[in-house]
Amino acid sequence: MDDSGPESFDAFFRKHLIGELQHLVRQGFSEACAEEAVAESMANLYRRWDEIERPLAWVRRTARCHALDEVRSRQAQLTGGLERDIADLRYHDEDPVIGQEARARVVQLLAGLPVRRRTVISAWLDGFDDHEIAEELQISEATVRSHRRHGLREIAAKLGQEGGRP
Amino acid sequence: MTESERLADVERVLRQADDELARDLAARTDVDGMLVRVKRRAHAAPGGERARASGIPGTVPAHGGEPGASAAQGAQEMGALLLADESSVEPGSPLLGESDPHRRSARTVPAAEALSARVLAGAGDLLRALAAPMRLAIVLELRDADRCVHELVDALGVAQPLIGQHLRILKAAGVVHGERRGREVVYRLADEHLAHIVTDAIAHLQERR
């Protein structure tokens, strides 16, 4: 992903807003949480636009931190033991519509994967190549490929259970 | 089917679902409105003015525009956010829009065979969105007055995340509109019709008793 070149903040914002929201939602954050986190990051970026060299990487990193903070602070507010166990990352209740429809399909498919596999697949869907992912996560490219293969197999099994697909 | 064919298949499914998510997000997000809010937030934050004293380059001329932003600079941080955001609330939410075309009495609705499959599917979606006790309770709450999430949490006595999920379903189906005011979103019913659907269902049950 090209992260360089002089660009106005407005152009950057328009170009990357949806992608950054998508990135967080795909990781399992709620849309409201993702929006708040990306807004916070973008506001900080706007203030420091001249000094931040790789804005895309910067927003990605800080927005994720904001999202995690938000989830943590919300969890801290919850008092009941049961409610504390239900992380914001995976709300659920008895309502089948919530289970099936409130989450985007891609989020359902990625849910339940081990964090590394999900991170690798998510970055791969974002268009990063194996080399970039390996560098970002400080692992070898072979490990990246292995995480992806295992992740895809797991999703294949999930699809198989739903019926219809092998 | 070989392993690699199988995984290629999974990739196709996954990418399709991911594109769908991007489309949904793009349809639901008011990019320009958010750009304005983000800039106001940057100005309202401590040090915001110092960093960007020169003003707002290439500002988007969206609903309400700049007066809010300059007012925000003077005020205290929280107050400023409230001020700025209130002035940027659009009157008709772009999410769902027109409710007036639906205003007709039951008698003017043509027989089922005359309706397109699409209209019937839409009605089905609407009823499905209403089909949970918690969401019915939310609609009944909103009949009396517009409410923000924490008021609904208090009134209904359930956890905020749960209310949020239900509201999202109602919002997606066009039952409620949300307007951001400062750090809160105020929800209102999209039109009177929707309250009627729910109260009629309840009246119907009570009659039969």
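Residues numbered from 1 in each chain as written. Chains lettered and ligands numbered in written order. Predicted model: local features only at pLDDT ≥ 70, side-chain atom pairs only at ≥ 80, totals over all residues. Heavy atoms only, no water.

## A short note on unusual backbone geometry
All names here are of chain A.
Here is step 1 of the chain: Residues other than glycine seldom take positive phi values, yet Gln 138 does so here, at roughly 60 degrees.
Here is step 2 of the chain: Within the secondary structure, Gln 138 is located in the loop between helix H8 (130-137) and helix H9 (141-162).
Here is step 3 of the chain: Here Gln 138 falls in the exposed class, since its relative accessible area comes to 70%. (Helix = DSSP H or I, 4+ residues; strand = E, 2+ residues; numbered from the N terminus. Buried < 20%, exposed > 50% of the residue type's maximum accessible area, 1.4 Å probe, protein only.)

## Things to note about the confidence of the model for chain A
All names here are of chain A.
Here is step 1 of the chain: Mean pLDDT over chain A stands at 79; residues scoring 70 or higher make up 77%.
Here is step 2 of the chain: Confidence scores differ between elements of chain A, with helix H4 (residues 81-85) showing the lowest mean pLDDT of 41 and helix H1 (residues 9-26) the highest of 92.
Here is step 3 of the chain: Within the model, the stretch residues 79-100 combines pLDDT values under 50 with 38 contacts to residues more than four positions away or in other chains. (pLDDT = per-residue confidence, 0-100. Contact = heavy atoms within 4.5 Å.)

## Structural notes on the packing of aromatic side chains
Residue and element names in this part refer to chain A.
Here is step 1 of the chain: Across all of its chains, the model carries four aromatic pairs over all chains by this definition.
Here is step 2 of the chain: Here Phe 9 and Trp 49 contribute two aromatic rings whose centre-to-centre distance is 5.5 Å and whose plane-to-plane angle is 85 degrees, an arrangement assigned as edge-to-face. With Phe 9 in helix H1 and Trp 49 in the loop between helix H2 (31-47) and helix H3 (55-77), the pair connects residues that are 40 residues apart, well separated along the chain. Across the pair, exposure class does not vary: Phe 9 and Trp 49 are buried alike.
Here is step 3 of the chain: Seen from their ring centres, Phe 12 and Trp 49 are 5.5 Å apart, and the 55 degrees between their planes marks the pair as tilted. (Phe/Tyr/Trp six-rings, centres within 6.5 Å; stacked < 30°, edge-to-face > 60°.)

## As for the sheet that holds strand E3 (residues 184-189) of chain B
All names here are of chain B.
Here is step 1 of the chain: The strand order E1-E3-E2 describes an open sheet built from three strands, whose pairing is antiparallel. This sheet does not close on itself; its edge strands, each paired only once, are strand E1 (147-148) and strand E2 (176-181).
Here is step 2 of the chain: When E2 meets E3, the two strands line up antiparallel, connected through six bridges. Bridge assignment links Glu 179 to a residue of E3, and that residue is Val 186.
Here is step 3 of the chain: Against the sheet, helix H7 (residues 133-144) makes contact with E1, E2 and E3, and its axis sits at roughly 90 degrees relative to E3, the strand it touches most.
Here is step 4 of the chain: The sheet strands contacting helix H9 (residues 160-172) are E2 and E3, and the helix crosses E2 at an angle near 115 degrees. (Pairing = 2+ DSSP bridges. Axes fitted to C-alpha atoms, helices over the stretch in contact; angles between N-to-C directions.)

## Structural notes on the layout of surface pockets
All names here are of chain A.
Here is step 1 of the chain: Taken as a whole, the second largest pocket holds about 720 Å³ of empty space.
Here is step 2 of the chain: Every residue lining the second largest pocket is counted, 21 residues in all, and those nearest its centre are Arg 60, Ala 123, Phe 128, Glu 132 and Glu 136.
Here is step 3 of the chain: Counting residues per element, the lining of the second largest pocket draws most heavily on H8, which supplies six residues.
Here is step 4 of the chain: Here the residues of the lining of the second largest pocket are counted per class, giving eight nonpolar, four polar and nine charged. (1 Å grid on protein atoms, 1.4 Å probe; cavity = no way out; pocket = protein on both sides within 12 Å on 5 of 7 lines; lining within 4 Å. Points joined across faces, edges and corners; volume = space filled by probe spheres on them. Nonpolar A, V, L, I, M, F, W, Y, C, P; charged D, E, K, R; others polar.)

## Section: the confidence of the model for chain B
Here is step 1 of the chain: Scored by pLDDT, chain B comes out at a mean of 71, with 66% of its residues at no less than 70.
Here is step 2 of the chain: The ipTM, which scores confidence in the relative placement of chains, is 0.76 for this predicted complex, and the corresponding pTM is 0.50.

## Overview of the pattern of salt bridges
Here is step 1 of the chain: If you walk through the whole model with that rule in mind, you get 21 salt bridges over all chains.
Here is step 2 of the chain: A salt bridge links Glu 3 of chain B to Arg 6 of chain B; the shortest N-O distance between them is 3.6 Å. Note that Glu 3 of chain B and Arg 6 of chain B are positioned in helix H1 (residues 3-28) at a spacing of three residues, about one turn of the helix.
Here is step 3 of the chain: Between Arg 15 of chain B and Glu 11 of chain B there is a salt bridge; the shortest N-O distance is 2.9 Å. With Arg 15 of chain B and Glu 11 of chain B both in helix H1, this residue pair falls four residues apart, about one helical turn.
Here is step 4 of the chain: Judged by relative accessible area, which is 26%, Glu 11 of chain B ranks as partly exposed.
Here is step 5 of the chain: One salt-bridge network, held together by shared partners, links Glu 20, Arg 26, Arg 60 and Asp 126 of chain A together with Asp 18 of chain B. (Salt bridge = Lys/Arg side-chain N within 4 Å of Asp/Glu carboxyl O.)

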